[in-house]
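Below are the chains, spelled out letter by letter.
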Amino acid sequence: MSIIKKSIIAVILLSTFISCGKYGYDFENGFQSGDTDGENPSDTSLNYVDKSMLDRARIYPGLVGASAKRIQDTLVSLDLNFRYIRSSDLKISVTPRPIFSTGLYAPAGENVKIVVPTGATGLTVQVGAHTVNLTGEEPLRRDPVIYTVKELFPGTNYVRNPYGGIIWIHAAIAMSQPVGLKFSNVARTSDFILGKSNQEQWLQDVANNDVPWLELRSERAIFTVPRSMVLQYRSELKVAETLTAWNDIYEKDYYTWMGLTKGNPDPKNAWPELPERGVLDIQLRKPAYAHSGQPWMATQDKHWFMQFSNADYIFSGTIDGAWGTYHEIGHNYQMGSTWSWSALGETTNNLFVFRGAHRLGNPGIAAHGAVSKDIPRGLEFAATNAAKNFNTGEEPFLRLTPFLQIFNKVKGKNGESGWDFWTFIYTKARNSVYAFSLDEAKMDFFYRALCEFTGKDYARFMDAWGIRVSSAAKRDMRNTYPGMTTKIWTYNPLTNTGGNDELDPKYDIIGSDFVWSSNMASAGEGGGFPSLSDGKLDTYWHTCYGNCTPNTTASATNPTYLDLDMKSPQAIRGVYYQNRQNNTFRRATRIFTKISENAPWIDRGELIISTANTDAGGRKNRVEMKFDTVEEIRFIRFAFTENNWGGEAHTAIAEAGAFYESN
């Protein structure tokens, strides 16, 4: 699934109207007579219609029907006493902003008059909900820019959009008293308001009120949808149930799971108090089917419309009903500045849908086709002993696996569920003073948080997944917590099996960025340097044995060196070595180590590989040199100062490297 992450405008707050009418306005049945003043036809006339884009507006977003009369002098009272929880407060991508619905629509090309009372400052009007700029896209299904934004001042204001559109009010500052804005030359939208609207009566109103766009509104969610789709799918709609479900999703699967609380006086830990908004659009920038932001945008088709209007569709799990919406909202709530590193851009946003599935006991909600395919691949990736890098390639679904393992198999140090780790890391990150630009720092933060949550050192889990954390972080956690005890990276979230095997306290240290080198040329066979840490005994590294530059030697004066640079100091207990299995066997190697590039080599002594050129003499066995204590080492050198058992200078090695052991 290709989804472009792009922040757009903002979410609209459900407006409070002072009225006597059925829909919360001071007019009845959508009609009211009023003034038609105006002086300059191009600026203030309410009678002049700019028809320059009328044919384009007819295509999209559509025209107000001839039967929908214009409203004059209607007062809309906006409750602007809002609390704005900013994205910087929560350290996430984007939060709902103070943008307010009016329940009104500006007809295409017609002037709208807005009278702003004295003292009401910091207001902006937006006409049109479709804010995606399609300039440069081909082919076009609508014109590139079809919305208008204009600053409002106390007194009389005019705004005209040649395409028309829903009218929103942006507020830069909160005001303690409701603000009454007087609109003229507008049409009424047939909005569904949860707790006020009756679906049957609302559908009748939609049928009778020929205004092309409307809103489905609740406390937490507002969706902008076309009237045509409401009428087309009217028999399938369950709007109240759907809006109620989205209220729960936002509050339980996002806010609460992130550790936020309603009304918390500390903005770092408070729910957003403005509603989230989603908008359907006939075209987005390629290759997007939907994209995040406030509002987040989705392609105008039945799939997305049903996610806004039919709760059964969301929770059916048969055709990715809930996945896409959770996905886009999840982008808004990612913590990219503290721990969600760049390779997780299309991964951590998807974890919220698994929270929903877990909360509701409905796995089908998270039943995306790629999950069943890529999680088994992830398990294979974690199981291999070869050098690996979790962050390589486009593998968003594979990367879900370690998080689902944490949620389902990890226990907090106080007995908490693994699902509570999400709450823990979000809360810890929000309340920390840290913000990171480097992925390495973000991975360290994640690793430290996991260790703190569990009370155990999870370095081996990070290594199993090829998530490289710093030696400093590993040292701190190793000295603070005991090691983890089970192989949770073998847990299969699809079958709810595995992950219970006890861990051996001894293991090999393998890094995707480890670099092998030699002072001798390499032969073009056996697999080369990568074979030294691939866990396979039928691959090997071999020195050059024909037409070599330099000529291969192995003597006290001209030894063969095989060097391992682990790129940063690693905690190791010793080194290991294993000959190629069918030829070129060696008796011994001398081991040297050093902590940094400029440090001197330290001679650790001779490692006896075999006592005779026979299997009984151990020539095929793995041998180890174990140090007295755990040491931090970056460089290891294997030095060969004599010919092999066959009397030749050649060296061939199946496996070599460093290992860790806690005792």
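Throughout, residues of each chain are indexed from 1 in the direction in which the sequence is written. Under the rules for a predicted model, residues below a pLDDT of 70 receive no local features and side-chain atom pairs below 80 are neither given nor counted, while totals for whole chains, interfaces and linings still include all residues. Remark: hydrogens and water are excluded; side-chain values derive from all non-hydrogen atoms of the structure.

Looking at an unreviewed UniProt entry, one finds the chain named Peptidase M60 domain-containing protein, with Sphingobacterium alkalisoli as its source organism.

All right, on to the pattern of salt bridges then. Note on definitions: salt bridges are taken to be side-chain nitrogens of Lys or Arg within 4 Å of carboxyl oxygens of Asp or Glu. The final tally for this structure, using the stated rule, is 41 salt bridges. Residue Arg227 is joined to Asp210 by a salt bridge in which the shortest nitrogen-to-oxygen separation is 3.0 Å. Here Arg227 is found in helix α4 (residues 227-232), whereas its partner Asp210 is found in the loop between α3 (199-208) and β12 (213-217), with 17 residues between them in sequence. For each residue, the accessible area found with a 1.4 Å probe, counting protein chains only, is set against the maximum for its type, and the residue is called buried under 20%, exposed over 50%, and partly exposed in between. We classify Asp210 as partly exposed; its relative accessible area is 26%. The way it works is that DSSP assigns letters per residue, a run of H or I at least four long becomes a helix, a run of E at least two long becomes a strand, and they are numbered from the N terminus.

Low pLDDT means the predicted atomic positions in that stretch should not be read closely. A score between 0 and 100, pLDDT records how confident the predictor is in each residue. On average, residues of the chain score 92 in pLDDT, and 93% of them are at 70 or above. Should any heavy atoms of two residues lie within 4.5 Å, those residues are considered in contact. Low pLDDT, under 50, characterises residues 1-41; the stretch is placed with 148 contacts to residues that sit more than four places away or in other chains.

Looking now at the nonpolar core. Put simply, a nonpolar core is a bunch of buried Ala, Val, Leu, Ile, Met, Phe, Trp, Tyr and Cys residues held in one set by side-chain atoms that sit within 4.5 Å of each other. The biggest cluster of nonpolar side chains holds 98 residues, and the ones touching the most others in it are Trp202, Leu216, Tyr254, Trp339 and Phe461. Ranked by the residues each element gives to this core, the list is headed by helix α13 (residues 439-454), at eight residues. Among all residues touching Leu216, those that are not within four sequence positions of it are Phe192, Trp202, Ala221, Ile222, Phe223, Val225, Val239, Leu243, Phe308 and Ser309. If you look at the next biggest cluster of nonpolar residues, it comprises 27 residues, including Phe514, Met566, Tyr577 and Ala658.

What follows covers the sheet that holds strand β4 (residues 111-116). Each pair of strands is called paired provided DSSP finds at least two bridges between the two strands. An order of β2-β9-β4-β7 is seen for the four strands of this open sheet, with the pairing classed as antiparallel. Bordering the open sheet on either side are β2 (74-78) and β7 (155-160), each of which pairs with just one other strand. Direction aside, the axes of adjacent strands within the sheet are offset by 30 degrees on average. Sheet topology places β4 next to β7; six bridges connect them, and they run antiparallel. Pairing of Lys113 across the sheet is with Tyr158, part of β7. Think of each axis as a best-fit line through the C-alpha atoms, taken over the contacting stretch in the case of a helix, with angles from 0 to 180 degrees between the N-to-C directions.

It is worth spelling out the domain arrangement of the chain at this point. Domain start and stop points were drawn from an automatic or database domain assignment. The assigned domain composition of the chain is domain 1 (74-328), domain 2 (371-503) and domain 3 (515-661). If you average the C-alpha positions of domain 2 and of domain 3, the two centres end up 32 Å apart. With eight residues of domain 2 at the contact, the number on the domain 3 side is ten residues. Summed over both partners, the accessible surface that disappears when two parts come together, traced with a 1.4 Å probe, is what is meant by buried area. With both chains or domains summed, domain 2 and domain 3 bury close to 630 Å², and 36% of this area falls on carbon and sulfur atoms. Contact with domain 3 buries area across many residues of domain 2, yet Arg468, Ser471 and Arg478 alone supply 59% of it, more than any other trio. Applying the counting rule to domain 2 against domain 3 returns two salt bridges. A salt bridge links Arg478 to Glu632, with the shortest nitrogen-to-oxygen separation between them at 3.3 Å.

Our next topic: the sheet that holds strand β13 (residues 221-226). Taken together, six strands build an open sheet; the order of strands is β11-β12-β13-β14-β16-β15 and the sheet is mixed. Every interior strand has two partners, whereas the edge strands, β11 (192-193) and β15 (290-291), have only one. Relative to β12, β11 runs parallel, the two sharing two bridges. Directly across from Ile193, in β12, lies its bridge partner Arg217. Set on the sheet, helix α5 (residues 239-255) makes contact with β11, β12, β13, β14 (276-281) and β16 (296-299); between it and β13 the angle comes to about 135 degrees.

Once that is clear, we can look at the environment of Ser610. Following the sequence through the fold, Ser610 ends up in the loop between β22 (602-608) and β23 (622-640). Placed 22 residues apart in sequence, Ser610 and Ala588 show a C-alpha to C-alpha distance of 7.0 Å. For Ser610, the contacting residues outside a window of four places in its chain are Arg586, Arg587, Gly617, Gly618, Arg619 and Trp645. In this structure the side chain of Ser610 is engaged in a polar contact, spanning 2.9 Å, whose partner is the side chain of Trp645. For the purposes of these results, a polar contact is taken to be a pair of N or O atoms within 3.5 Å, where, inside protein, one atom must be able to donate a hydrogen and its partner to accept one; residues adjacent in sequence count only when each atom of the pair is a side-chain atom.

The subject of this paragraph is the UniProt feature "domain: F5/8 type C" (unreviewed entry) in the chain. UniProt positions are given in the numbering used here, feature names are shortened, and annotations may be inferred rather than shown by experiment. The sites that UniProt annotates as "domain: F5/8 type C" (unreviewed entry) are residues 498-658. For residues 498-658, the helix share is 0%, the strand share is 43%, and the end-to-end C-alpha distance is 28 Å.

A few words now on the side chain of Asn579. Examined against the element boundaries, Asn579 turns out to sit in strand β20 (residues 560-579). Relative accessible area serves as the criterion here: at 0%, Asn579 is assigned to the buried category. For Asn579, the side chain forms a polar contact with the side chain of Tyr577, separated by 3.2 Å.

So, on to the packing of α5 against helix α6 (residues 302-309). With their axes 7 Å apart at the nearest point, α5 and α6 run at an angle of 80 degrees to one another. As summarised for this structure, α5 and α6 are arranged roughly perpendicular, according to the angle between their axes. Contact residues: α5 offers Val239, Thr242 and Trp246, while α6 offers Gln307, Phe308 and Ser309. Here the contact of α5 with α6 is composed, by residue class, of three nonpolar, three polar and no charged. When an angle is under 35 degrees it counts as roughly parallel; over 145 it counts as roughly antiparallel; between 65 and 115 it counts as roughly perpendicular; any other value is oblique. Put simply, Ala, Val, Leu, Ile, Met, Phe, Trp, Tyr, Cys and Pro go in the nonpolar bin, Asp, Glu, Lys and Arg in the charged bin, and everything else, Gly too, in the polar bin.

The relative placement of two aromatic rings is captured by the distance of their centres and the angle of their planes. Working definition: a ring pair exists when centres of Phe, Tyr or Trp rings (six-membered ring for Trp) sit within 6.5 Å. Plane angles under 30 degrees give stacked, over 60 give edge-to-face, the rest tilted. Counted by the stated rule, this structure contains 50 aromatic pairs. Judged by centre distance (6.3 Å) and plane angle (70 degrees), the ring pair of Phe223 and Trp246 falls under edge-to-face. Separated by 23 residues along the polypeptide, Phe223 in strand β13 and Trp246 in helix α5 bring together distant segments of the chain. Across this residue pair, the class does not change: Phe223 and Trp246 are buried. When the ring of Phe436 is compared with that of Phe445, the centres are 6.1 Å apart and the planes differ by 55 degrees; the resulting orientation is tilted. Judged by relative accessible area, which is 22%, Phe436 ranks as partly exposed. Looking at Phe445, the relative accessible area reads 7%, which means it is buried. Any Lys NZ or Arg CZ that is within 6 Å of a ring centre and within 35 degrees of that ring's normal is treated as a charge sitting over the ring. Directly above the aromatic system of Phe381 lies the positively charged group of Lys388, at a separation of 5.6 Å from the ring centroid. Note that Lys506 overlies the ring of Phe659, its terminal NZ or CZ placed 4.9 Å from the centroid.

Moving on to the state of the cysteines. Any two cysteine sulfur atoms lying within 2.5 Å of each other are counted as a disulfide. Counting across every chain of the model gives one disulfide. A sulfur-sulfur separation of 2.0 Å characterises the disulfide bridge that pairs Cys544 with Cys548. Measuring the twist about the S-S bond at about -90 degrees, one finds the Cys544-Cys548 disulfide to be left-handed.

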